[in-house]
Amino acid sequence: IVFTAVDSSANKNKNELQVKLLYGKKPTITNTDGLQDQRLRKGSTLTLGIEANGIPSSQFKCYHNDEIIPGANSETYSKSDITEDDAGTYYAVAYNAAGDTVSKKVKVTLVYSIKYSAGYGTDAPVDSKLYSPGDTVYLTTSKPVREAYTFTGWTIGSADFKPGGPYIMGYD
């Protein structure tokens, strides 16, 4: 909208004053289906997404542990080959000239599985569960078989563990 003011004084000069009225609508986040807590294995792909509308159109910024993610400025954020550094809290901000809206925060946790070795034997136990760092895992009481050997347990790093014994899941 433009307003024009005309000077009607004796000098008949025309002076214009233009005023632009801006209108807008602060972004509203309309879909957070792609913004859910996730438990992912190391090396997998993290994908997060939201949808928002506003006037003018929304722009986006993505955050990881309250730090802006450089280059993450669209409705979808994706990162392949994730590591321990990618675990944490994520959220997005949809913004435009009328304001900004912060999405809900989601937690991304790296999870691990236990793969038992039969040590050149057979019948290695199978554990299909996924564990987060800090979880207490009770090792299986099932034992692999190897002729002429007595199974006594597993070694993780430099520590020995007995069947049925506890193990605190870490990043190793």
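Residues numbered from 1 in each chain as written. Predicted model: local features only at pLDDT ≥ 70, side-chain atom pairs only at ≥ 80, totals over all residues. Heavy atoms only, no water.

## A word on the overall build of the protein chain
At step 1: When you go through the protein chain residue by residue, the secondary structure sums to zero helices and 14 strands.
At step 2: Counted from the first residue to the last, the protein chain has its helices and strands arranged as β-β-β-β-β-β-β-β-β-β-β-β-β-β.
At step 3: Burial statistics for the protein chain: of 172 residues in total, 30% are counted as buried.
At step 4: Put simply, 53% of the contacts in the protein chain that link residues at least 6 apart link residues at least 24 apart.
At step 5: Roughly 11500 Å² of accessible area belongs to the protein chain as shown, and the carbon and sulfur atoms make up 50% of that amount. (Helix = DSSP H or I, 4+ residues; strand = E, 2+ residues; numbered from the N terminus. Buried < 20%, exposed > 50% of the residue type's maximum accessible area, 1.4 Å probe, protein only. Contact = heavy atoms within 4.5 Å. Areas by Shrake-Rupley, 256 points an atom, 1.4 Å probe, with all protein chains shown as cover.)

## Here's the deal with the nonpolar core
At step 1: In this structure, Leu46, Tyr77, Tyr90, Ile114, Leu139 and Met169 are the most contacted members of the largest nonpolar core, which totals 29 residues.
At step 2: Looking at this core, the elements that each hand over two or more residues are strand S3 (46-49), strand S5 (59-64), strand S8 (88-96) and strand S10 (106-111).
At step 3: If near-sequence neighbours (up to four positions away) are discounted, Tyr90 is found in contact with Leu46, Leu48, Tyr63, His64, Ile69, Tyr77, Lys104, Lys105, Val106 and Val108. (Core = buried A, V, L, I, M, F, W, Y, C linked by side-chain atoms within 4.5 Å.)

## Quick notes on unusual backbone geometry
At step 1: Here the residue pair Ile55 and Pro56 is connected by a cis peptide bond, since its omega of -5 degrees sits within 30 degrees of zero.
At step 2: As for its position among the elements, Pro56 is in the loop between strand S4 (51-55) and S5.
At step 3: Notably, Asn65 is not glycine yet its phi reads approximately 50 degrees, a positive angle.
At step 4: Among the secondary structure elements, Asn65 is positioned in the loop between S5 and strand S6 (67-68).
At step 5: Positive phi, normally seen in glycine, also occurs at Asp81, with a value near 55 degrees.
At step 6: On the secondary structure map, Asp81 appears in the loop between strand S7 (76-79) and S8.
At step 7: In this structure Asp81 comes out as exposed when scored by relative accessible area, which is 54%.

## Things to note about the confidence of the model for the protein chain
If pLDDT is low for a region, its predicted coordinates should not be looked at in detail.
At step 1: Taken as a whole, the protein chain shows an average pLDDT of 83; of its residues, 85% reach a score of 70 or greater.
At step 2: When the elements of the protein chain are averaged for pLDDT, strand S12 (residues 154-156) gives the smallest value, 72, and S6 the largest, 97. (pLDDT = per-residue confidence, 0-100.)

## Some remarks on the pattern of salt bridges
Two side chains that carry opposite charge are able to pair once their charged atoms sit near each other.
At step 1: Under the definition given, this model contains three salt bridges.
At step 2: Two residues, Lys105 and Asp66, come together in a salt bridge whose shortest N-O distance is 3.5 Å. Here Asp66 lies in the loop between S5 and S6 and Lys105 lies in the loop between strand S9 (99-102) and S10, a separation of 39 residues in the sequence.
At step 3: With a shortest N-O distance of 3.1 Å, Lys79 and Asp86 are connected by a salt bridge.
At step 4: Look at Lys79 and you get partly exposed, because its relative accessible area is 29%. (Salt bridge = Lys/Arg side-chain N within 4 Å of Asp/Glu carboxyl O.)

## Digging into the packing of aromatic side chains
Geometrically, a pair of aromatic rings is defined through the distance of the ring centres and the angle of the planes.
At step 1: Applying the stated rule across the entire model yields two aromatic pairs.
At step 2: Aromatic pair Tyr63 and Tyr91: ring centres 4.9 Å apart, planes at 5 degrees, arrangement stacked. Taken together, the residues Tyr63 in strand S5 and Tyr91 in strand S8 connect sequence positions 28 residues apart.
At step 3: Overall, Tyr91 belongs to the buried group, its relative accessible area being 12%. (Phe/Tyr/Trp six-rings, centres within 6.5 Å; stacked < 30°, edge-to-face > 60°.)

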